[in-house]
Each structure stands twice: as C-alpha cells, then as structure tokens.
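Coordinates in review
Chain by chain, the residues:
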Amino acid sequence: MVVDSAICYEVLRRMREDEQFDYCVDITAVHYPKREQPFDVVYILYSFHDNERVRVKTLITDGERLRSAVSIWPTANWLEREVFDMFGIEFDGHPDLKRILLPDGWKGHPLRKDYPILQQDKDWVQINLGIESGQ
Amino acid sequence: MNDSTRTAYLSPQTAQTRRGAGAPDLLDLDTKDQTFLDATELVLNMGPQHPSTHGVLRVILKLDGEKVLGTECVIGYLHRGVEKIAENRTYTMFNPYVDRMDYVAAVSNGLGYCEAVEKLFATEAPQRAQYIRVILTELCRIASHQVWLGTHALDIGALTPLFYCFRDREEILKIFEKYCGARLTTHAFRIGGCIYEAYDGFEQDCKNFCDAFLPKSDEYEELLTTNRIWVGRTKGIGILKPEDCIALGVTGPVLRASGVKWDLRKAQPYESYKAFDFEIPTGVNGDTYDRYLVRIQEMRQSVRIIRQAVDGLPSGPIVAKIPKVLKPPVGEVYHSIEAPKGELGYFIVSDGSTQPYRVRVRPPSFVNLQALDKMVRGMLVADVVAVIGTLDIVLGEVDR
Amino acid sequence: MLHAIKAYLSSNVTPGEAGDYLWATIYILLVVIGISLAVLAMNWLERKILAHMQIRLGPMRVGPHGLLQPVADAVKLLTKEDIIPDGADKLVFWSAPVVVTMTAFTTFLVVPFGRTHAVTDMNIGVLFMLGISSLGVLGIIMAGWSSNSHYPLLGSLRSSAQMVSYEIAMGFAIVSAVLMTSLQTGTGTLSMIGIVEAQNAQQTWFIFKYFPLGFLAFAIFAIAMVAETNRAPFDLPEAESELVAGFHTEYSGFRWSLFFLAEYGAMLAVSSIAVTLWLGGWLRPFPNWLSGALWDLAFSLVPALSFFVLAGLSLLGVVRMPKIPQFRAQTAGLLMFGLLLGFIGLTLLVPAVRVRVQDIFWFVAKVAFFMYLYIWYRGTFPRYRFDQLMKVGWKVLLPLGLGVVIVTAVVGVRQELWGVLAGVSR
C-alpha cells in the first residue's frame, strides 16, 4: 500500500489501533535517485490477530521529515535510527535520533546510491584511526 | 476466519489486554528528565571487549549502587555494510554473504535469502530440496541453541555445560562438513534448491545424531533445571511481559517464553513445514528461566522434525528450473523465516537486472536487543550479563 | 645432636609441647614446604580434574600428562614484570599479599597431622586458627584499597563482606563440634589434638555423633568454608565481579602468586579444620569396629598400597604413550615419576616408617577428599549472585548453625534425651 507522506503517520496509527497491526516488523528505505521523490520509506507490519502482513510505502523527497512511529510502536526506535544512519531521513519526535551502526562522527549516509563508496569518510578514518585511508 | 482461529496465536491474557494497551504506556521514558550523567549515580561501561557480551557489544549502564537504572547499547562495531555490498553483487554472488551475518546459525540465513529470491521468481524448490533444507535448518537450530546454552551457562558461572554443548555441536558440524564442505559458514543452499545431493549416509548420520542427542539434552536439563543456584540466578530475571514483547517487536524464543504462542513455521509455513508435526513450546512468566526451558524444548522439537523429515525424504530433483543468469522480474518481496534467534526477514527490491537493487535484512537480534533496556531496569549488575545471554544476541547479525 | 633426634623420635608429644626447638623448626620448615608442594599439586590436580569433568584433557604437553605444568606456571610468574599501579600506596600494596600469605601459613602451626606430628599443640588451637584466618580478610581489604582503582576496591569489599559473614556460620559449627568434645570427660577442649583424642575416646567421628546433628554441623561448615575461601559457587568477587578480577586485579607476577598461594593455603587450612573436627583427624577408619593387630597391620599397609596404585597408573600411562620419537622425553619422565612413586611406596612398607607416618597419610587423604570436593563444586555449580550469597550466609546458615548449637548443647547435657528424640523421629 502506497500512501502520501503527509498522512503516513495517521495511516500507521489507524493500522495499529483499528486494524490491530500491533507488530512492526521492519522499517526501511530505498533510494531511487532518478525519481522526483527519491526515497521510499517502507513500513512492514504484521497482525497477530489476522496473521497478515502488510507493506506500507511512502514516497518522500530529500530532506523531508516524517513523523516518528515510536509513539505507535516502540520497536521503531532503533529501526528509524538505522534508516537515519543509512539514508539520512530524519524523523520528527524520535527520542534519540542519532547514528546507530556507524561511528558518531561519520559524514555521509552509506546506503544512498550516490554515496562515494571508494572515497568513504577519509576524514573520520584519518582523525580517529590515524591512518591514511581505509582502503 | 472466525474468532477462535484469529486469536489462535495469542495466549488468552494477551488477547484480552491487547485492546486496552496504548503504546506510550509500554515504554517507560521516565529517565528523560534526568541527564545520563547524574552525579549521584555511577555510569559503568561494559566495553566492547568483554568476556560476557557475545561479540563486540558496548553497554553503558547507569547504576544506583548495584541496581541498574537504565542502559544504552552502542552497537556497530561489527558493521560490515552487507546491505551496500548486496547492491554490487549478483543474486548468487550475494548468497555467501548472508551466512556471515548470524555466523552461529549460518544455514538458516541462507535458507531465508534463497527463499526470498525464489519468491521473487515465484518458484519453489522441489520437494526433495525442501526436505533437505528443513533437515539442515533444524540441525542448525539445535547447533545455535547449543552455543546459546553453553555460553549462557558460562556467563552464569557453570563452567561445564559449555563443553558438553560444544561436543554435540561438533557432531552437527561434522554433518555439515560432510554435506557441503564447510562447518561454520556453510553456503549450503542455492537459489532454486540445493546444489549438493545428500551424501551417502546422510540419513543415517542424522538419525544417529538424533538418537544420541535426546538423552544428552535430558542430561543438560538434569544439570541445570532443578539446580537451585541456577533457578535463583534465572527465575524472575529479565521479565518481559507479552504486551511489551509485541510492542518492542521481539520475536523468537523470547516472545514464546512470554506466553505468546507464535512461530513462523506454524503461522506462515514455508518450505515443507506443513508436512511435519511438532509443537511450539511456550513459557509462562517471560523470565530467563522460561527462555531457557523454551529453548531446551525447541531443541527436542527440532529433533522430532528431523526424524520426520529423514523418514519421509522424497526422491526427485534437488534444484528447480530457473535460468542460469538470474534476472528476476521487477518487484519487491519480503520473506521471513523462523531463525533460531527470531524472525529473520529479507526485503529484496529488484529492478530487473542481475543485481538486486536493495537487500534489507531484518535481523532478529537487532530488534531483540532493543528490549534489553526494558528487561534490566531494576535488576542488579550481575543480572545484566545473564539477560544479555538470554536474549541470544549475535553481533554479526545486529550490525550486519 | 643424635641424642636430640632420637629423643624426639621416641616421644609422644609434639615438638612444641616438648619445648624442642630443633624439631619444632624442622616441623615448621616441613609444613611450609609441604603446603607449597600441596598448592603445586592442587594446581595440577585442579586443572586435570576440571578438564576431565569437562570432557577434555587438561595440560598434557608441559611434562608427561602436564605434571610439570605447575613448575612452568611458577617460573612464568616469578619472571613476570612487576607492575605497580601509578597511584598505589606502595607500602600497603607490597604488604597486602604478605599479610594474606602469612596468615594462611600461620594457621598451620596447630594443624595436627598425627599425635606427634604438629608444630605445637595450643590449648586454644581451633580458636587460634579461626582468628588468624580472620586476619586474612584484612589483607584482602588492603589489597583492594591500595590498588587505587575502582573495581578492585569494590571486589575486595565484596570479598571481605562475604568472608566475614560466613565466618559466623563457621563459628557456630565449630562450637557445636567443640561441645561434643566434652561429652565423655565433662571438660571440652579447643585444642586440635584434644578434639581428635576426644573422637578417639568416644569411638565415633563427630560427623556421625548424634546423627544427624553432627552431620548438619559438618554440612554447615563445609558450605561456609567454600564461601570463606572465595571459591565456586561463591566466587562472584573473583570471577567477573564488576567485570574484572576482583581484589587481585592489579597484582602481577610474584605478588599474584602469593595471593594464589594464600587462597589454596586457606583452602587447605579450613579443610584441615573440617577434617580434625568432624572426620577424626589422623585416625584411621574403624579403629574400634575393625580392631586388632591384623586390622592394624592391614590399615597401616594402605598408604604404601595407594602409592603402589599410583605408581601402577603412571606405568600404565607409560605403556600407553605414543611410541614416536617426540614423546621419548615425556615417556622417560613419566617412567621416572612412576618409579619415584613406587619407591615412596616401598619406603612406606618399612615398619618403622609405617608406624610413624600412617597418621599423616590418613590426614592428608581426608584433606585431599575435601580438595576434590572443591574442584567438583567448581565444575558443577553456577555462581551465586552476591545478594543471594549473603542471603544464604545470613538467613540460612546462621539460624541453622544457631539451632544446631542449641540442640547439641541440650542433647549433650541430657544424653538420654537423644535416645528419646531418635526413637520418636524413627
């Protein structure tokens, strides 16, 4: 199911409360650089009651912020942190939005398609590890 | 579906309370008004290198004397960028990478990935391949639980179960080695089926293992289950109520020990699990002791499944008819399996080329680790180690 | 000189009692060497037995079947760099291991290996041992405090709290055993030799006296002594307490080996107390039921026989060694070791030696049983959490110990009461 980013939070909340999708399986994102709305934020939800799984997708532009789903499902805490870490998508209302897998001072968001993987974050490596580059 | 089947996977009390619980009540965010470095409290760092945190996990504990007030997990020490790598490899080339994530139970990672890609192609592996896959995956489940049991007992102080468990794991790894040549990172399955035929004596080896293992699992139970020191260290520790489990997205034995009778092998059967008769063990209190019992029972149920699969192993091809150069149709798929640690999911986006556009791995340990904070509030420092052990974390999976 | 030696050999009191300085000094030296050798042997035994319980082999390479492993460990520890933490209080840091080791060794002044085989026999023997081992707690606190580091301090405080708590339970158990010494003669004694003589006179080991009272006191002591020496399952201060190694974290090399020596010495000391108080010290099994010259002879041959059995096992090991050139040195070593054991066995056959030494053998055999129990516990039980540990010490062992003392006292005064009680309970 594809929803508009503006009503995304509302839809998720309705899904949890009315449709009993009480288990947030995953929150992830996909980057399509050539589209006008490059990011696809995907919420995968599951209902124990109906034994059904649903995918809620919303398309957002670069820099657009989504409302955090932490108040609906506490699972979303780390899942959204990872989306932020890897893609740079920020969530409003998230209690502690900071990098989770990469070191805190890292520049760049690796899973974006335009991330320069060979250049990586040379600065961080040089400052913190004292070596010329990670290659 | 009528009401009785709808609530079939929930214990009665969960079904009743679920309606009323709202998300803000489930997670205590009461430490928000205090700074993390309050002067009267001690901040203790269980650093990345530590004998009891299985892998490189850093846990920052805020203590009041001995009691834990809050924790913060710092992960990412083992982040290898597996998802980014996937975008630059073909589907078959990526297969060995998935083993390296949950390296303790490599076979089930491979199973999930192969099934997800097969779902993209809308095919299924042939019957014989499915049975072989099930046998190997259940052996892998036992192996993973053995590692868990040995290391968990070691953390709590019992030195001997570690060696006994690894002795059993040796037998399983010997079977893996005979089957596909590798013990740990097996790369046992291919997209479309299995590449290796079951070797001569495969069924006999599995049967021998099952026969030898059941009395041994009784031995482990005898050593620990009624031992009052063990019970004292694990009963009432790290309690996680079923509503919290569901809200925090915890799956696997942790969820089942809290009383929620839910297993993906029964709820959304994949492979040939429909053909097998097994039970889902559940616990009552959701404490460490229940998780221990659930996992021991799961091992026994796995033995049951292996016996049924070995007895009913059909003949036939072991790989389905898929093109040599894998170019799945454009689309997305999410497929999850019941890995030993929980729900392992693969979300694959294909753009029609030979390389996946995006592979997202939903790691059970990552989501389970979030629950650590809730579980150790109010416990003593010595219990934190027990709770980390009982969550069955593999950092390779948490960090990918 | 020769006269002095002969005079001792035919005496029937300990050198200390006889005021014999020469032999007392010799005994002190023997005791110190003996404890060190025992600790070395314990190191090897612990590693081997624990390994065999865990279906692995243990040290096999260093000497034949790892027999030289303790020597290798000792050499390594002696040649290690001596690191002193930066802000440590040097005097206290230096003296803490000395205090702990000294107290562990001093307790052996009164341990009787036989009627005449003790350095001396104080009439407050048990109290002396208990008091001196309490002094060891001071050494632990000194060690933790002087390390100038957060975690050793907490570890040492925990260790000392645990040791102090369990000393109380030990005290109660000891009191109930001492009460039993007064049953026949009307006057009790705290002297270690006196306690064994009392068991001899009453013709029953105190563990079996007024069954199950004696056994209960023994059990309380057995549990408390494991906690007293910070061994599994009560070893949280040592194992991963506060995520480091407890009070001896900052000690390396020789200083650490002193702590190690002290720990095993303390284990030996409390085992000696247990053996003396409940298991009849140096008395051979069944001195009254199986009495007579023939039985005496048979039992006096047991030490020699046990050494022959050990020698036989070593020779069996020699036969089973792989017959490849790399193993020649080990095979030769094991053969020599087996022959040495056999030679000791032969010396023990000589009547003169046999008569004097058999007490020592029985005492050592019983203490060795306790050492095996220590290793067995380590291999079997998980660890108690600290608060559970303290709970067991204060809420379980202390009331139980108190109860045992009171019931022993009552029963002791009115011995006929026991017949009534025993009859009722059966």
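As the structure is a computational prediction, the values presented were derived from the model and not from experiment.

Calculation criteria
Residues numbered from 1 in each chain as written. Chains lettered and ligands numbered in written order. Predicted model: local features only at pLDDT ≥ 70, side-chain atom pairs only at ≥ 80, totals over all residues. Helix = DSSP H or I, 4+ residues; strand = E, 2+ residues; numbered from the N terminus. Contact = placed C-beta atoms within 7 Å. Rg over C-alpha atoms; globule rule 2.2 N^0.38 Å. Buried ≥ 20, exposed ≤ 12 C-beta atoms within 10 Å, placed from the backbone. Nonpolar A, V, L, I, M, F, W, Y, C, P; charged D, E, K, R; others polar. Pairing = 2+ DSSP bridges. Axes fitted to C-alpha atoms, helices over the stretch in contact; angles between N-to-C directions. Parallel < 35°, antiparallel > 145°, perpendicular 65-115°, else oblique. Left-handed = near helix turned anticlockwise from the far one by under 90°. Expected span 1.5 Å × (residues − 1). Core = buried A, V, L, I, M, F, W, Y, C linked by C-beta atoms within 7 Å. pLDDT = per-residue confidence, 0-100.

Comments concerning the overall build of chain B
Within chain B, the regular secondary structure consists of 17 helices and eight strands. Pairs at least 24 apart in sequence give 72% of the contacts found in chain B among residues at least 6 apart.

Focus on the overall build of chain C
Counting secondary structure elements, chain C contains 16 helices and zero strands. For a compact globule of 426 residues, the expected C-alpha radius of gyration is about 22 Å, and chain C comes in at 23 Å, within 12% of that figure. The principal-axis extents of the C-alpha atoms in chain C amount to approximately 65 × 50 × 50 Å. In chain C, buried positions account for 42% of the 426 residues. Long-range contacts, defined as pairs at least 24 residues apart, comprise 77% of the intrachain contacts of chain C with a sequence gap of at least 6.

Overview of the interface of chain B and chain C
Contact residues are listed per partner, giving 21 residues for chain B and 20 residues for chain C. At the level of elements, α7 (127-156), α8 (160-180), α10 (228-234) and α16 (381-391) of chain B are the ones that each hand at least two residues to the side of chain B that touches chain C. For the side of chain B that touches chain C, a count of residues per class yields 13 nonpolar, six polar and two charged.

Here we look at the pairing of strand β3 (residues 39-47) of chain A
All names here are of chain A. Most of β3 is tucked away: eight of the nine residues are buried. Inspection of the sheet shows strand β2 (residues 23-31) paired to β3 by eight bridges, in the antiparallel sense. Bridging from a neighbouring strand, Val-30 pairs with Asp-40 of β3. Sheet analysis places β3 next to strand β4 (residues 52-60), joined by nine bridges and oriented antiparallel. Directly across from Tyr-43, in β4, lies its bridge partner Val-56. A loop of four residues connects β3 with β4, the two strands running antiparallel in sequence, and Asn-51 in this loop sits at a positive phi of about 55°.

As for unusual backbone geometry
Residue and element names in this part refer to chain C. With phi around 55°, His-65 is a residue other than glycine that occupies positive phi space. In this fold, His-65 is placed in the loop between α3 (21-53) and α4 (69-78). Within the chain, Asn-230 stands out as a residue other than glycine whose phi angle is a positive 55°. Among the structural elements, Asn-230 can be located in the loop between α9 (213-228) and α10 (236-239).

Here we look at the interface of chain A and chain B
Taken together, the 28 residues of chain A in the interface contact 33 residues of chain B. When residues of the side of chain A that touches chain B are traced back to their parent elements, those giving at least two are β2, β3 and α2 (76-87) of chain A. Considering each element in turn, the side of chain A that touches chain B owes the most residues, six residues, to β2 of chain A. Of the residues in the side of chain A that touches chain B, the class split is 18 nonpolar, six polar and four charged.

A word on the arrangement of the chains
Here two pairs of chains make contact, and the pair sharing the most contacts is chains A and B. The two partners chain A and chain C share no contact, and the minimum distance between any of their C-alpha atoms is 25 Å.

So, the packing of helix α9 (residues 202-224) of chain B against helix α14 (residues 288-311) of chain B
Residue and element names in this part refer to chain B. At a minimum axis separation of 10 Å, α9 and α14 run at an interaxial angle of 160°. Accordingly, the angle class assigned to the pair α9 and α14 is roughly antiparallel. Our pair here, α9 against α14, has a crossing hand that is left-handed. Residues Glu-203, Cys-206, Lys-207, Cys-210, Phe-213, Leu-214, Ser-217 and Glu-221 of α9 touch α14, and the partners they reach there are Ile-296, Met-299, Arg-300, Val-303, Ile-306, Arg-307 and Val-310. Tallied by class, residues from the contact of α9 with α14 come to nine nonpolar, one polar and five charged.

With respect to α2 of chain A
Over its twelve residues, α2 of chain A extends 16 Å from the first C-alpha to the last, a length consistent with the 16 Å expected when each residue adds 1.5 Å. Burial in α2 of chain A covers these residues: Ala-76, Asn-77, Trp-78, Leu-79, Glu-80, Arg-81, Glu-82, Val-83, Asp-85, Met-86 and Phe-87 of chain A. Contact partners of the buried residues in α2 of chain A: β2, β3 and β6 (91-92) of chain A together with α15 (364-376) of chain B. Directly beyond the C-terminal end of α2 of chain A, a positive phi value near 85° is found at Gly-88 of chain A.

Some remarks on the nonpolar core
The biggest cluster of nonpolar side chains holds 245 residues, and the ones touching the most others in it are Ile-135 of chain B together with Ala-173, Ile-220, Ala-224 and Ala-274 of chain C. Ranked by the residues each element gives to this core, the list is headed by helix α11 (residues 254-278) of chain C, at 16 residues. Membership of the second largest hydrophobic core comes to seven residues, among which are Phe-307, Ala-311, Leu-334 and Leu-341 of chain C.

Considering the environment of Gly-55 of chain B
Residue and element names in this part refer to chain B. With respect to the element layout, Gly-55 can be found in the loop between β1 (42-46) and β2 (58-64). Residues Gly-55 and Leu-395 lie 340 residues apart in sequence; the distance between their C-alpha atoms is 5.5 Å. Here Gly-55 is in contact with Leu-78, Ile-393, Val-394, Leu-395 and Gly-396, once residues within four sequence places are set aside.

Looking at the pairing of strand β3 (residues 67-74) of chain B
All names here are of chain B. Bridge count for β2 against β3 is seven bridges, and the pairing is antiparallel. Residue pairing in the sheet places Leu-63 in a bridge with Val-68 of β3. Hairpin geometry of β2 and β3 is characterised by an intervening segment of two residues between the two adjacent antiparallel strands and by a positive phi of about 70° at Gly-65.

A short note on the sheet that holds strand β6 (residues 331-339) of chain B
Residues and elements named next belong to chain B. Taken together, the three strands give an open sheet; going across it, the order is β6-β7-β8, and neighbouring strands pair in antiparallel fashion. Both edges of this open sheet fall to β6 and β8 (358-362), since each of them pairs with a single strand only. For this sheet the average axis-to-axis angle between neighbouring strands, irrespective of direction, equals 15°. Pairing of strand β7 (residues 342-350) with β8, which is carried by five bridges, proceeds in the antiparallel orientation. Directly across from Val-349, in β8, lies its bridge partner Arg-358.

Remarks on the confidence of the model for chain B
Residues and elements named next belong to chain B. Looking at chain B as a whole, its pLDDT mean stands at 82, while 89% of the residues score no less than 70. Considering each helix and strand of chain B separately, the mean pLDDT is smallest for helix α3 (residues 23-26), with a value of 31, and largest for α14, with 91. Contacts for the low-pLDDT stretch residues 1-38, under 50 throughout, to residues beyond four places or in other chains number 43 contacts.

Side note on the sheet that holds β4 of chain A
All names here are of chain A. Strand order in this open sheet of four strands is β1-β4-β3-β2, and the pairing throughout is mixed. Of all strands in the sheet, those bounded by a partner on one side alone are β1 (2-3) and β2. Helix α1 (residues 8-17) contacts β1, β3 and β4 of the sheet and is inclined by roughly 170° relative to β4.

Observations regarding the confidence of the model for chain C
For chain C, per-residue confidence averages 84 on the pLDDT scale, and residues scoring 70 or more make up 92% of the total. Model confidence for the complex: the whole-complex pTM is 0.83, and ipTM, which rates the interface, is 0.87.

Topic: the packing of α4 of chain C against α11 of chain C
All names here are of chain C. Taken N-terminus to C-terminus, the directions of α4 and α11 make an angle of 135°; their axes are 7 Å apart at the nearest point. The orientation of α4 relative to α11 falls into the category oblique. Taking contact as the criterion, the partners of Ala-74, Leu-77 and Leu-78 in α4 are, on α11, Phe-254, Trp-256 and Ser-257. For the contact of α4 with α11, a count of residues per class yields five nonpolar, one polar and no charged.

Overview of the environment of Lys-34 of chain A
Residue and element names in this part refer to chain A. The residue Lys-34 is located in the loop between β2 and β3 in this model. Look at Lys-34 and you get exposed, because 6 C-beta atoms sit within 10 Å. In the structure, Lys-34 is positioned 79 residues away from Lys-113 in sequence and 10.0 Å away in space, judged by C-alpha atoms.

Describing the environment of Trp-78 of chain A
Along the chain, Trp-78 of chain A turns up in helix α2. Since 24 C-beta atoms lie within 10 Å of it, Trp-78 of chain A is described here as buried. Each C-alpha atom of the pair Trp-78 of chain A and Asp-96 of chain A lies 9.2 Å from the other, and the pair is 18 residues apart in sequence. Residues contacting Trp-78 of chain A, with those up to four places away along its chain left out, are Ile-100 of chain A together with Phe-366 and Gln-370 of chain B.

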